[in-house]
Amino acid sequence: MRQNPSFAMTDVPEIRRIVHGHPWATLVSATDDGLVASHYPVLLEEGRDDLTVVGHVGKPDDLIHGLGQRELLVVLQGPHGYITPRWYGEGKAVPTWNFVSVHLSGVPELLSSEENLAVLDRLVAHFENLAEDPRLMWERPNDAAFIERLEAGTVGFRLTPAKVVAKRKLSQNRPDAVVETIAAGLASDGPYRNPELADEMRRAQEMRRAARETAR
């Protein structure tokens, strides 16, 4: 992903927020047979405040990717959406696409079966605990033999990225009034409704305002 200094996202807690809130990842490897891409959820590693993530792939995706032997690119997509030029006013304008994306890359470490089981347990709980009656991985009718067979069909990994590229393109190159017009349009009913993107734009706008006040 080409970086633009105006859109660079470098604040680690902010990047962690995006990873936590949008865990569905694209895993990309450059292999002897060409590029390979797979799609799996990842979680931030517990007990750390960096950008280390843990996840798993189903067999034989580990062999296809050469998991643990070569660089892995983990792509996470935050809020994104179409921006109509009608929100820019009466002047000349073309549409664009606003987005937040995070790229984490490095050579992952393979997890033991015990570590992988713990990650799979966390993964289920991460989503099931959103419900009032979560069905967790070890709860009946699941039993240990069933869970262990499932784990044996997966390979867990931990990636502490050697390189991080995060980009937040949210109309920062536009005046504050235009940013608010766009956010209001995204929050309103209509074909381009995208309240999550509107919230992300307003959050970024408030952070820019706070930075400007601090710099004074």
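For the structure itself, look to the data block above.
Residues numbered from 1 in each chain as written. Predicted model: local features only at pLDDT ≥ 70, side-chain atom pairs only at ≥ 80, totals over all residues. Heavy atoms only, no water.

(A) Expanded view of the pattern of salt bridges. Taken as a whole and assessed by the stated rule, the structure comprises 13 salt bridges. Two residues, Asp50 and Arg48, come together in a salt bridge whose shortest N-O distance is 2.8 Å. Overall, Asp50 belongs to the partly exposed group, its relative accessible area being 25%. Classification of Arg48 by relative accessible area gives partly exposed; the value is 35%. With its nearest N and O atoms 3.6 Å apart, the salt bridge here joins Arg209 to Asp176. Taken together, the residues span a long stretch of sequence, with Arg209 in helix H6 (residues 195-215) and Asp176 in helix H5 (residues 176-187) at a distance of 33 residues. What makes Arg209 partly exposed here is its relative accessible area of 33%. (Salt bridge = Lys/Arg side-chain N within 4 Å of Asp/Glu carboxyl O. Buried < 20%, exposed > 50% of the residue type's maximum accessible area, 1.4 Å probe, protein only. Helix = DSSP H or I, 4+ residues; strand = E, 2+ residues; numbered from the N terminus.)

(B) Seen up close, the sheet that holds strand S7 (residues 154-159). Judged by pairing direction, the sheet is antiparallel, and its 8 strands sit side by side in the order S6-S7-S3-S2-S1-S4-S5-S8 without closing on themselves. The open sheet has two edge strands, strand S6 (109-110) and strand S8 (163-169), and neither has a second partner. Pairing geometry for strand S1 (residues 24-31) and strand S4 (residues 72-83), over 4 bridges, is antiparallel. Following the sheet pairing, Thr26 is matched in S4 by Val75. (Pairing = 2+ DSSP bridges.)

All we've got here are geometric facts, nothing functional implied.
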